[in-house]
Amino acid sequence: MKSPKALRSIFGSNKQAKETMNSSSEDAFEKPEEMLRDLPWLSLLNDKVFRKVMDGFECRQFQEGASLLTEKDPDNGMFVIVEGRVRVEVRGISMNELGPGSLIGEMAVLTGYPRTASAVALTPVSVLWIESARLKPIMKKSAVLENGLWEFASRRFAMNLLGRQEPYNQWEQNIFIQWLATGVIKVPDENGRINLKNKVGVLVTGAAELKDGSAIISPATLVGSDYVFSNEARVFLRDRFPKLA
């Protein structure tokens, strides 16, 4: 079982964007190495790979009201919040507020798809930004880093999707988070199949086709087990809670 500290790290009207301050100033604030080493998607890296990621981070600061990411924009990187709070919006609707230690923008980096949400600074914000062009070569050589990012992104997708549905929205949050923390990421076999029997599934990326020919596009929860998945599909799976079996 992950520690409460580690679990918290896993989950974690539009204003006109204001000018970014010290957008790449390395001396604006120090990189918080201790905080970064405690983040689940970085905690298992060996020192060599961790240093490469650290070297790729740029310190950036934003004023209150500034836009950090914009929905539907192409991928260009991701960031970790060091100080301040950020609101995540989808089609102008507030979805979540995130603070220090939170990672934002990783799904676009992983998939290459356009941004699925916007991020707006609720307070003055300091972040560590890393460009996709710097991160992807490191990921290519480090399965631990790539898998860690996929696990992080997938659990967050599962939390956002399942957390609004019954019976999960009736659970105490700490029980729900601990239940999600032991989920796994699966890819389809050579026949496009993933074993979903007695599982709760969330399609994180890719598509799934049913027997009747209808298609499901990510992100989506999966009901039943009879799907054929696209090659690039990734599915978050968790054994059903005993009372749900």
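Keep in mind that what you see is a predicted model, and the values were worked out from it rather than measured. (Residues numbered from 1 in each chain as written. Predicted model: local features only at pLDDT ≥ 70, side-chain atom pairs only at ≥ 80, totals over all residues. Heavy atoms only, no water.)

Colleague: Any details on the overall build of the protein chain? Residues and values, ideally.
Modeller: Per the secondary structure count, the protein chain includes eight helices and 15 strands. Each of the 245 residues in the protein chain was classed as buried or not, and the buried ones make up 47%. Total accessible area computed for the protein chain in this model is approximately 13,000 Å², and 48% of it derives from carbon and sulfur atoms. (Helix = DSSP H or I, 4+ residues; strand = E, 2+ residues; numbered from the N terminus. Buried < 20%, exposed > 50% of the residue type's maximum accessible area, 1.4 Å probe, protein only. Areas by Shrake-Rupley, 256 points an atom, 1.4 Å probe, with all protein chains shown as cover.)

Colleague: Can you explain the packing of aromatic side chains? Please cite residues and give values.
Modeller: Counted by the stated rule, this structure contains eight aromatic pairs. Plain terms: the ring middles of W171 and F176 are 6.1 Å apart, the flat faces sit at 80° to each other, and that makes the pair edge-to-face. For the pair W171 and F176, one class covers both residues: buried. The ring of F50 has R37 lying over it, and the distance from NZ or CZ to the ring centre is 4.0 Å. (Phe/Tyr/Trp six-rings, centres within 6.5 Å; stacked < 30°, edge-to-face > 60°. Lys NZ or Arg CZ within 6 Å of the ring centre and 35° of its normal.)

Colleague: Hey, could you go over the environment of D47 for me, with residue numbers and the actual values?
Modeller: Its place among the elements puts D47 in helix α4 (residues 47-56). Between the C-alpha atom of D47 and that of R37, which follows or precedes it by ten residues, the distance is 9.9 Å. A distance of 2.8 Å separates the side chain of D47 from the side chain of R37, its partner in a polar contact. (Polar contact = N/O pair within 3.5 Å; in protein donor to acceptor, adjacent residues only side chain to side chain.)

Colleague: I'd like to hear about the nonpolar core, residue by residue, with values.
Modeller: In this structure, L36, W41, L42, L145, L149 and L162 are the most contacted members of the largest nonpolar core, which totals 43 residues. No other element matches helix α7 (residues 143-162), which puts ten residues into this core. Residues in contact with L145, not counting those within four places in the same chain, are W41, L42, L45, V53, L135, I138 and M139. With 17 residues, the next largest nonpolar core counts F62, A117, A119 and V127 among its residues. (Core = buried A, V, L, I, M, F, W, Y, C linked by side-chain atoms within 4.5 Å. Contact = heavy atoms within 4.5 Å.)

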